[in-house]
Structures are given as structure tokens and as C-alpha cells.
Amino acid sequence: GRDFQRAEGQEPQVCMTMPLLVGTDGKKKMSKTYGNHIGVTEPAQTMFDKIVSIPDELMEHYFTLLSGLSIKNIEEIIEENEPLHAKRYFLAPDVLSTYYPPEVVNIVRSRHYGAKILRSPIGNRIAQKVVISNSDLKNGKIWIVKLVRKAKFANSNSEARKLISAGAVSLDDEKLTEPDADIEVKEGQLLRVGKKRLAVVSFRQEEQ
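Treat the numbers as computed from the prediction; the structure is a model and nothing was measured.

Enquirer: In this structure, what is going on with a negative patch on the surface? I would like to understand it.
Expert: Taken together, the side chains of Glu60, Glu75, Glu76, Glu79 and Asp173 define an acidic patch exposed on the protein surface. Top element by residues in the negative patch is helix H4 (residues 71-80). It accounts for three residues. Structurally, Glu79 is set in helix H4.

Encoded structure:
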């Protein structure tokens, strides 16, 4: 077609194509007609549950077409995480964040992390809880070094500082590289130090 256009003195058109999003059944293209769709106006919990329910083999397809993550990050998540954990903690929250504010996404996600210890989020590793109380906060924020120490990922402030400066510390996949920073944390966020140490942020309910 482009050759014919050139022959007629026209500027050749450019055709861009995109893969079709496969529905939650893992077989047909996503369509309301097939009943395998995820509606963009559905309640956050419904949307979350539908994404978690997709077949494991569809994860990379959904990550690539729906998430804002880089190809490198997607490959790391799939390689390092069990499928259910990858869908619950990374894929579903990322997709929900397009349609719902962070506070709603965190509430929905935290419902799946109520246990004190989260078993096998990456292979046979565990993600513990790092519990924060009001006394740990200053103007609603916590010193990043203190957060790393409270998670028992460093034995001293200097060790925590080195980990942070080296780029080994992240919160919900966002690297934290400033040791003197005070950061805002929310229920259900994932603190990661290196590839093996994980902790889910939790707030202690204190008596009034």
C-alpha cells in the first residue's frame, strides 16, 4: 500500500498496531460480550480480585500492556516472585493506580496482607511486618534510617546509611537514596533492602 501511495505522489501512511488484551479467561480477547473483561468503572476491590484471578501465564502480557513498569522491572518481578504474590502486590496495585487514588489502592492491597508474617512472597523467603507507631513519626513522616532499623535490616544507623546511599533500599519499588530524608509511609507499602529482605509497613493501633 505504501508503494502504491508513492507511485501516486502521496505521502505513505504509517500503520501502528498494538496487541489485543487477552481477557481474564486467558483465551479470548477481553470483551464485555465474552464476560472476561475488567471494567474501568468497577469497584476497586472487584478490579483487584479480577486481576489477581488471571492465569499465571498472562502476567507478563498484562504487565507489559497495562502497567507503567519498565521491561527490566517486569522481568525482575516475574523472576523473583511467586505468581500470586506478583499479581497481588505488583500488578493489581499498579493497574488500580490508574483509576483510583493511592489511599484506596493501599486499603485494597493491605486486605491481602493482614497476617503477621507473609509466607513465601519470593521463593521460600518471607516478608515480615515493620510496625510503626505515632512516636516514630515527625510531622507524619519517619526518618528513612529509622525505618530500616525498625525493620531490623541494619544493626546501626551507619549501616543503614550505607545501604540507602548504595541504592539498596526501596519503598514500593521507588529507590530511596537520601539517608537524611524523612519519608511518608502508608499501610501496606513494601520496604525492600536488596533482593532478599522484605517488610510490609503496618501501623500500630494505639489507645486514645
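Enquirer: How should helix H5 (residues 83-96) be read in this particular structure?
Expert: In an α-helix there are 3.6 residues to a turn, and that puts residues three or four apart on one side. Of all 14 residues making up H5, ten are buried, and the element is well covered by its neighbours. Along H5, the residues that are buried comprise His85, Ala86, Lys87, Tyr89, Phe90, Leu91, Ala92, Pro93, Val95 and Leu96. Tucked inside the fold, the buried residues of H5 contact helix H2 (44-52), helix H3 (59-66), H4, helix H6 (102-110) and strand S6 (190-193).

Enquirer: Looking at this structure, I do not really get empty space enclosed by the protein. What am I missing?
Expert: To find leftover empty space, one rolls a probe the size of a water molecule over the atoms. Scanning all chains against the criterion turns up one cavity of 30 Å³ or more. Going through the elements one at a time, H5 and S6 are the ones with two or more residues in the lining of the largest cavity. A per-class count over the lining of the largest cavity returns three nonpolar, one polar and three charged.

Enquirer: Even after reading the chapter, I still don't get the side chain of Glu42, so can you show me in this structure?
Expert: Relative to the assigned elements, Glu42 resides in the loop between helix H1 (2-7) and H2. Of the residues examined, Glu42 reaches a relative accessible area of 16% and is grouped as buried. Within polar-contact distance, the side chain of Glu42 engages the side chain of Lys50 at 2.7 Å. Ignoring anything within four residues of it in the chain, the contact list for Glu42 reads His37, Met47, Lys50 and Tyr100.

Calculation criteria
- Residues numbered from 1 in each chain as written.
- Predicted model: local features only at pLDDT ≥ 70, side-chain atom pairs only at ≥ 80, totals over all residues.
- Heavy atoms only, no water.
- Patch = residues over 30% accessible without salt bridge, like charges linked within 9 Å, V, L, I, M, F, W, Y side chains within 5 Å.
- Areas by Shrake-Rupley, 256 points an atom, 1.4 Å probe, with all protein chains shown as cover.
- Salt bridge = Lys/Arg side-chain N within 4 Å of Asp/Glu carboxyl O.
- Lys, Arg positive; Asp, Glu negative; His and termini not counted.
- Charge placed at Lys NZ, Arg CZ, Asp CG, Glu CD.
- Helix = DSSP H or I, 4+ residues; strand = E, 2+ residues; numbered from the N terminus.
- Buried < 20%, exposed > 50% of the residue type's maximum accessible area, 1.4 Å probe, protein only.
- Contact = heavy atoms within 4.5 Å.
- 1 Å grid on protein atoms, 1.4 Å probe; cavity = no way out; pocket = protein on both sides within 12 Å on 5 of 7 lines; lining within 4 Å.
- Points joined across faces, edges and corners; volume = space filled by probe spheres on them.
- Nonpolar A, V, L, I, M, F, W, Y, C, P; charged D, E, K, R; others polar.
- Polar contact = N/O pair within 3.5 Å; in protein donor to acceptor, adjacent residues only side chain to side chain.

Function-wise, these values are silent; they only describe arrangement.
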